[in-house]
Structures are given as C-alpha cells and as structure tokens.
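# Notes for the structure review
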Amino acid sequence: QVQLAESGGGLVQAGGSLRLSCAASGRTFRSYAMGWFRQAPGKEREFVATISTSGGTTYYIDSVKGRFTISRDNAKNMVYLQMSSLKPEDTAVYYCAATNISPGGSSLSVSYAYWGQGTQVTVSS
C-alpha cells in the first residue's frame, strides 16, 4: 500500500512557476508508475502527466506540453510536477496518484489505486 501527500501549491500570477511535490510512503515506491491529475471547480478530474516506474517514460496532456515537467526520485520516494508559464486555466486542485498495474504510466484515472489529498493551485490573471 502507498500513501501520498502533495505539497507546493499556492497562488501565482499568470506566467509564473510552481513546483508540486508528492511524497510517497512505503518500500515499493519504485514499482509504481505515478500520475498527476487536476480538478477545477465544476469540472471533472482530468489527467495532466504520468511517469513510468523508472522515470524513463513520460506523457502529458496536450495543454501542458512544453510547460509542465513530471519527474521522480526513487531514492527519496518523491514525484514532482514542475509547472511554468502558468495560465489561469491551470487553476485546480492537483492530485498525485500511484498505479502498480501500468508500469509505463497511464492517463486513465481508473488505473490508479492510490491518491493524495490534493493541493490547490490558483493562477491569477
């Protein structure tokens, strides 16, 4: 079992940057692919980015390509989402999630068994 805790959210102006962190508990972190999802008010949760167990494969939703970077540090049980050139439409609660059924990563929320509590990101115009 994996427990996840996000941090690093906050209020930032459009064009600014934030780095979200997700700390994972457990000795088997390196066996889980990780994902970041977000949910804006009144909208469904959507996929943002995913990274494979080794970190060698990443995949992003089109709207964040070139602006966001997902990475992981298996020695520290951490996954990160570096966000730059932020836009007001990036405002949402961001969640990290872990899956052990899709080692290459997944864009499907149903693939993920473990979720963090979320961290709020607000981008002002």
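Attention in this report is confined to the structure presented alongside it.

Here is what the cut-offs are and how they apply
Residues numbered from 1 in each chain as written. Predicted model: local features only at pLDDT ≥ 70, side-chain atom pairs only at ≥ 80, totals over all residues. Heavy atoms only, no water. Pairing = 2+ DSSP bridges. Helix = DSSP H or I, 4+ residues; strand = E, 2+ residues; numbered from the N terminus. Axes fitted to C-alpha atoms, helices over the stretch in contact; angles between N-to-C directions. Disulfide = S-S within 2.5 Å.

## Comments concerning the sheet that holds strand β3 (residues 18-24)
Taken together, four strands build an open sheet; the order of strands is β1-β3-β8-β7 and the sheet is antiparallel. Of all the strands in the sheet, the pair left with one neighbour each is β1 (4-7) and β7 (68-73). Put simply, the sheet's adjacent strands are angled 15° from each other on average, direction ignored. When β7 meets strand β8 (residues 78-83), the two strands line up antiparallel, connected through six bridges. Across the sheet, residue D73 finds its bridge partner in β8, namely M78.

## A look at the state of the cysteines
Considering all chains together, one arrives at one disulfide under this definition. Shown here is the disulfide that connects C22 with C96, its sulfur atoms set 2.0 Å apart. The sign of the 45° torsion about the S-S bond sets the C22-C96 disulfide as right-handed. Residue C22 is located in strand β3, and its partner C96 is located in strand β9 (residues 92-99); the two are separated by 74 residues in the primary sequence.

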